[in-house]
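Examining the three-dimensional arrangement
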Amino acid sequence: MALRTTVAGISSPEDLAEALQAAMYLADDGIATAGYLSLALGKPLLLEGAPGVGKTEAAKALAGILGRQLIRLQCFEGIDAAAALYEWNYPRQMLAIRQAKEGEQLDIYRDDFLIERPMLTALRRPDQVVLLIDEIDRSDHEFEAFLLEFLSDFSISIPERGTLRAPERPVVILTSNRTRELHEALRRRCVYHYIAYPEPEREAQIIMLRSSAVAESTARAVVHAVGLLREEPLAKPPGVAEAVDWAEAATALAQSGAPWPEAFRRSLGAAIKDEEDLAHLRPRLPLFIPGLAA
């Protein structure tokens, strides 16, 4: 396998981090290095971490800086090859058969009868798309096993057409929320990186980068609060995306005339999106929002 030393002008992890920041994604050294190695080695990138830490956003930003379309395959329990790869347009095939003249040679397995799904799109147009296989941990073990051929050789077998192989290695990103353990065979085929919640200083920078209307003091107050909230026994602790939403919502309320502690309290639904979590937190909000008790 040839090493691709430069991809879209990116020749180092530092180049990638700089390009991602220009695309409004603040990457640390770990994810910049993993992303660069994935591009250079032509291997899939597996990103694991809690919901809301920026795994999907990383894929979107990478597609943007490469100038490619992001094709998203959302995994779910029971997903199969038809949803991920391809299926035949049976109504069109039947119509073509009925309309065919007697003795006419008819190929009902040609391209115009083929319904293309995300994985087939990535194989056919690897230089135009970034394939995101999102939340692979939500699929079952059978689908994970089905992926192995695709991730190792970037080829798939269509019984009616034979083996289809990508002319070059596509850019593929898998994400996992770690709701179950992924098979070792899948991990071996990928460059791996775990995305943890960012340090407070970096999270404040992310908030201000994603929303220029948020003041630094607001960003730091939100980061302090979500840091404490993540230590609570919540069903859905706030991720980075929720921290950005909370900072923007509190800013909007403050600009409409609400005092700051009250603006934080009233906009809590932007960060906490589960009724049982809200019920748990309501009597203890002064612990997380300074000045609220007064």
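All chains use their own residue numbering, which begins from 1 and follows the written sequence. Thresholds applied to this predicted model are a pLDDT of at least 70 for local features of residues and 80 or more for the giving and counting of side-chain atom pairs; totals over whole chains, interfaces and linings are not thresholded and use all residues. To get the side-chain values, take all heavy atoms of the structure and skip hydrogens and water.

1. Structural notes on the layout of surface pockets
With a 1 Å grid laid over protein atoms only, a set of points is called a cavity when a 1.4 Å probe fits there but cannot get out and a pocket when it is open yet has protein on both sides within 12 Å along at least five of seven lines; lining residues have an atom within 4 Å of a point. Grid points are joined across faces, edges and corners, and a volume is the space filled by probe spheres set on the points. The space that makes up the largest pocket amounts to roughly 920 Å³. If you go around the largest pocket, you meet 42 residues; those closest to its centre are Pro 51, Gly 52, Val 53, Gly 54 and Val 240. A run of H or I in DSSP becomes a helix once it reaches four residues, and a run of E becomes a strand once it reaches two; helices and strands are each numbered from the N terminus. For the lining of the largest pocket, the elements supplying multiple residues, two or more each, are helix H3 (55–66), strand E9 (191–194), helix H9 (200–210) and helix H11 (240–255). The biggest single contributor to the lining of the largest pocket is H11, with five residues. Charged means Asp, Glu, Lys or Arg here, nonpolar means Ala, Val, Leu, Ile, Met, Phe, Trp, Tyr, Cys or Pro, and polar covers whatever is left, Gly included. Per-class residue counts for the lining of the largest pocket are 21 nonpolar, seven polar and 14 charged.

2. Things to note about the packing of helix H1 (residues 13–22) against H3
Fitted lines through C-alpha atoms give the axes, limited to the stretch in contact for helices. The angle between two N-to-C directions lies from 0 to 180 degrees. Two elements in contact, H1 and H3, have axes whose closest approach is 9 Å; the angle formed by their N-to-C orientations is 100°. Classed by the angle they form, the pair H1 and H3 counts as roughly perpendicular. Two secondary-structure elements touch here, H1 through Leu 16, Ala 19 and Leu 20 and H3 through Ala 61, Leu 62 and Ile 65. Of the residues contributing to the contact of H1 with H3, the split by class is six nonpolar, no polar and no charged. For classification purposes, an angle smaller than 35 degrees is called roughly parallel, one larger than 145 roughly antiparallel, one from 65 to 115 roughly perpendicular, and anything else oblique. The contact definition used throughout considers only heavy atoms, calling two residues in contact when any of these lie within 4.5 Å.

3. What to know about the nonpolar core
Nonpolar side chains tend to gather and get buried jointly when the protein is soluble and globular. Joining through side-chain atoms within 4.5 Å is the link that ties buried Ala, Val, Leu, Ile, Met, Phe, Trp, Tyr and Cys residues into a set, and such a set is a nonpolar core. The classification of residues rests on relative accessible area computed with a 1.4 Å probe and restricted to protein chains. Under 20% of the type maximum is buried, over 50% is exposed, and intermediate values are partly exposed. Residues Ile 133, Leu 147, Phe 150, Leu 174 and Leu 186 are the most contacted members of the largest nonpolar core, which totals 35 residues. Looking at this core, the elements that each hand over two or more residues are strand E2 (69–74), strand E3 (86–88), helix H6 (118–124), strand E5 (129–134), helix H7 (141–153), strand E6 (155–158), strand E8 (171–176) and helix H8 (184–188). Non-local contacts of Ile 133, meaning those with residues more than four positions away in its chain, are made with Leu 73, Cys 75, Leu 147, Val 172, Ile 173, Leu 174 and Thr 175. Counting residues in hydrophobic clusters, the runner-up holds 26 residues, among them Ile 31, Val 53, Val 171 and Ile 195.

4. A look at empty space enclosed by the protein
Per the counting criterion, the structure on display carries three cavities of 30 Å³ or more. Considered as a void within the structure, the largest cavity measures approximately 70 Å³ in volume. For the lining of the largest cavity, the elements supplying multiple residues, two or more each, are H1, helix H2 (29–41), strand E1 (45–48) and H3. If you add up the space inside the second largest cavity, you get close to 40 Å³. Forming the walls of the second largest cavity are Ala 221, Val 222, Ala 225, Trp 246, Phe 264, Phe 288, Ile 289 and Pro 290. Here the lining of the second largest cavity gets three residues from one element, more than from any other, and that element is helix H10 (residues 216–229). Counted by class, the lining of the second largest cavity contains eight nonpolar, no polar and no charged residues.

5. A few points about the packing of H9 against H10
Contact geometry of H9 with H10 gives a least axis separation of 9 Å together with a crossing angle of 130°. The orientation of H9 with respect to H10, classified from their angle, is oblique. Relative to H10, the crossing made by H9 is right-handed. On H10, the residues that touch Pro 200, Glu 201, Glu 203, Ala 204, Ile 207 and Met 208 of H9 are Glu 216, Ala 219, Arg 220, Val 222, Val 223 and Val 226. Broken down by class, the residue content of the contact of H9 with H10 amounts to eight nonpolar, no polar and four charged. Handedness of each helix crossing follows the sense of rotation of the near helix against the far helix: counterclockwise by less than a right angle gives left-handed, clockwise gives right-handed.

6. Overview of the side chain of Glu 242
Along the chain, the position of Glu 242 falls in helix H11. In this tally, Asp and Glu contribute negative charge and Lys and Arg positive charge; neither His nor the terminal groups of the chain are included. For salt bridges, the criterion is a side-chain nitrogen of Lys or Arg within 4 Å of an Asp or Glu carboxyl oxygen. Buried within the structure, Glu 242 lacks any salt-bridge partner; its nearest side chain of opposite charge belongs to Lys 273, at an N-O separation of 4.1 Å. Those residues in contact with Glu 242, other than ones at most four positions away along the chain, are Gly 52, Ala 270, Ala 271 and Lys 273.

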